[in-house]
Amino acid sequence: MVEHEKYMQRCLDLAALGMGTVSPNPMVGAVVVLDGIIIGEGYHHKYGEAHAEVNAINQVISNFSDVAELLNQSILYVSLEPCAHYGKTPPCADLIIKHKIPCVMVGCADPFDAVNGKGIEKLKDAGINVITGILEKECQWLNRRFFTRVQKQRPYIILKWAQTADGFFAPEDNSQHWITGLESRKLVHQWRSEEDAVLVGKNTAAIDNPQLNVRYDPGKSPKRIVIDRRLELNKNLNLFDQSVETLIFNEIKTDIDGKNKYIALEDFDRYVPQYILYQLYLQDIQSVIIEGGAHTLNSFIEAGLWDEARIFIGETYLKRGIKAPWITGENAQEFAIGPDRLRILVNN
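Model, not experiment: these values are computed from the prediction.

K.L.:
Sorry if this is basic, but what is going on with the sheet that holds strand 9 (residues 223–227) here?
P.N.:
Within a sheet, adjacent strands bond to each other through the backbone by hydrogen bonds, running parallel or antiparallel. Strand order in the open sheet formed by 10 strands is 11-12-10-9-8-13-6-14-17-16, with mixed pairing between adjacent strands. Among the strands making up the open sheet, the edge pair consists of strand 11 (255–257) and strand 16 (330–337). Each adjacent strand pair in this sheet contributes to an overall mean axis angle of 20°, direction not counted. Of the pairings in the sheet, the one linking strand 16 to strand 17 (residues 340–346) comprises seven bridges and is antiparallel in character. Following the sheet pairing, Ile337 is matched in strand 17 by Asp340.

K.L.:
I tried to follow the pattern of salt bridges on my own but got confused; where do I start?
P.N.:
Between side chains of opposite charge, pairing is possible as soon as their charged atoms come close. The full count for this structure, using the stated rule, is 19 salt bridges. With its nearest N and O atoms 3.6 Å apart, the salt bridge here joins Glu3 to Lys6. Linking Glu3 with Lys6, this pair stays in helix 1 (residues 2–15), spanning three residues, or about one helical turn. Glu3 gets classed as partly exposed once you look at its relative accessible area, which sits at 41%. Given the relative accessible area of 46%, Lys6 is considered partly exposed. Taken together, the shared-partner salt bridges in this structure form one network comprising Arg144, Glu308 and Arg310.

K.L.:
In this structure, what is going on with the sheet that holds strand 4 (residues 103–108)? I would like to understand it.
P.N.:
Read from one edge of the open sheet, five strands run 2-1-3-4-5, paired in mixed fashion. At either end of the open sheet lies a strand with only one pairing partner, and these are strand 2 (37–43) and strand 5 (129–132). Adjacent strand axes in the sheet meet at a mean angle of 20° when their direction is disregarded. With six bridges connecting them, strand 1 (residues 29–34) and strand 2 associate as antiparallel partners. Bridge pairing in strand 2 places Ala30 opposite Gly42.

K.L.:
Would you mind going over empty space enclosed by the protein with me for this structure?
P.N.:
The gaps left among the atoms become clear once a water-sized probe is rolled over them. According to the stated counting rule, one finds one cavity of 30 Å³ or more in the structure shown. There is about 100 Å³ of room inside the largest cavity. Around the largest cavity, the lining is made up of 16 residues, and of these Val22, Ser23, Met27, Arg145 and Gln286 lie nearest the centre. Taken together, the residues that form the lining of the largest cavity break down as six nonpolar, seven polar and three charged.

K.L.:
Hey, could you run me through the packing of aromatic side chains in this one?
P.N.:
The geometry of an aromatic ring pair is captured by two quantities: the separation of the ring centres and the angle between the planes. All told, the structure shown has three aromatic pairs when counted by the stated rule. Consider the rings of Tyr7 and Tyr77, whose centres lie 5.2 Å apart with planes at 45°: the pair is tilted. Taken as a pair, Tyr7 in helix 1 and Tyr77 in strand 3 (residues 75–80) lie far apart in primary sequence, 70 residues in all. You can call Tyr7 buried: its relative accessible area is 4%. Pairing Trp191 with Phe312 gives two aromatic rings, centres 5.4 Å apart and planes at 25°, and the pair type is stacked. Residue Trp191 is found in helix 8 (residues 182–194), and its partner Phe312 is found in strand 14 (residues 308–313); the two are separated by 121 residues along the sequence. When sorted by exposure, Trp191 lands in the same class as Phe312, which is buried. Taking NZ or CZ as reference, Lys235 lies 5.5 Å from the ring centre of Phe240, over its face. Above the plane of the ring of Phe168 lies Lys323, whose end atom (NZ or CZ) is 4.7 Å from the centre.

K.L.:
So what exactly am I meant to see when it comes to unusual backbone geometry here?
P.N.:
Generally, phi is negative for residues other than glycine and the peptide bonds are trans, each holding for most cases. In this chain, Ser23 is followed by Pro24 through a cis amide linkage whose omega measures 10°. Relative to the helices and strands, Pro24 is located in the loop between helix 1 and strand 1. Note the cis peptide between Gly292 and Gly293, where omega equals 5°. Relative to the assigned elements, Gly293 resides in the loop between strand 13 (287–290) and helix 11 (294–302). One non-glycine residue, Asp284, lies in positive phi territory at about 60°. Examined against the element boundaries, Asp284 turns out to sit in the loop between helix 10 (272–282) and strand 13. We classify Asp284 as partly exposed; its relative accessible area is 36%.

K.L.:
Would you mind showing me how to read the side chain of Glu41 here?
P.N.:
Here Glu41 is to be found in strand 2. Polar side-chain contacts of Glu41 include one of 2.6 Å to the side chain of Arg10. Look past the residues within four positions of Glu41 in its chain and what remains in contact with it is Arg10, Leu14, Ala30, Val31, Asn55, Ala56 and Gln59.

What counts, and where the lines are drawn
Residues numbered from 1 in each chain as written. Predicted model: local features only at pLDDT ≥ 70, side-chain atom pairs only at ≥ 80, totals over all residues. Heavy atoms only, no water. Pairing = 2+ DSSP bridges. Helix = DSSP H or I, 4+ residues; strand = E, 2+ residues; numbered from the N terminus. Axes fitted to C-alpha atoms, helices over the stretch in contact; angles between N-to-C directions. Salt bridge = Lys/Arg side-chain N within 4 Å of Asp/Glu carboxyl O. Buried < 20%, exposed > 50% of the residue type's maximum accessible area, 1.4 Å probe, protein only. 1 Å grid on protein atoms, 1.4 Å probe; cavity = no way out; pocket = protein on both sides within 12 Å on 5 of 7 lines; lining within 4 Å. Points joined across faces, edges and corners; volume = space filled by probe spheres on them. Nonpolar A, V, L, I, M, F, W, Y, C, P; charged D, E, K, R; others polar. Phe/Tyr/Trp six-rings, centres within 6.5 Å; stacked < 30°, edge-to-face > 60°. Lys NZ or Arg CZ within 6 Å of the ring centre and 35° of its normal. Polar contact = N/O pair within 3.5 Å; in protein donor to acceptor, adjacent residues only side chain to side chain. Contact = heavy atoms within 4.5 Å.

This is the structure we're talking about:
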């Protein structure tokens, strides 16, 4: 089993390279092993392109002449159940069967209705030995965004905020006040590149005038989301600069202005987080970082609509001001980021 876990861990390491580029698909890695040696490996690079199994098998085909003989004696490790349906690409299960790979090790099943056990069943019906559950929890955690979208019909929600050492979110007058150091801000930009969208409330947009991009990271900037009930925000704010798709949730209009998309909600007095997440789900947005302000964060906390909370705790003290959100969850990690502390909670 330890040997199997070693190769599955390699699948996970490869899969993670697709972070930020494969959504709304899952991240998947695959390796082809012959007599204890990896002879081919691959991962899903980009949505709509070849899946991990295809890239791993193609690497074997590119590097060896006796491909059929090698694959007929190999084990394929894959972090997620091979697909059994035609989507953007043909079924990976059919490719595995075609090359007569005798044994497939699967990290975890795919909850998507078009797959969900069908890939494993198809392989078994073809006489292939299929073993499942290798590093299953780790494989599920890697694709927690994908699993949440499929199983809960909403995006995976990450709450992010910074608070002072004495538990304040901002000064009393809501003025801009840096709590964290440069290292923490760079990390936030990396996080943004890994998720589909970043969301803020009206006050944060007006006071901070954020760009919500990835200036400190080479990755792609996420879609931007702002809640502006009465469309009171100044159109000269950075959020409306047409650089990336920006969704503006409001109660007045549904319209499109270039990359700025206005979406009117049915009811702005109740269930606002629920309405927003349903609209994002319909648009294939798989994950969202919510960066403020305090009222917006608290509305999602009170609705129970969050999956992770990433809380930076700075060294400064405010003594008075707007209290940081109060949240309870499983304490997953806590460590230093430059002069700051980062606490990560998981909502179980």
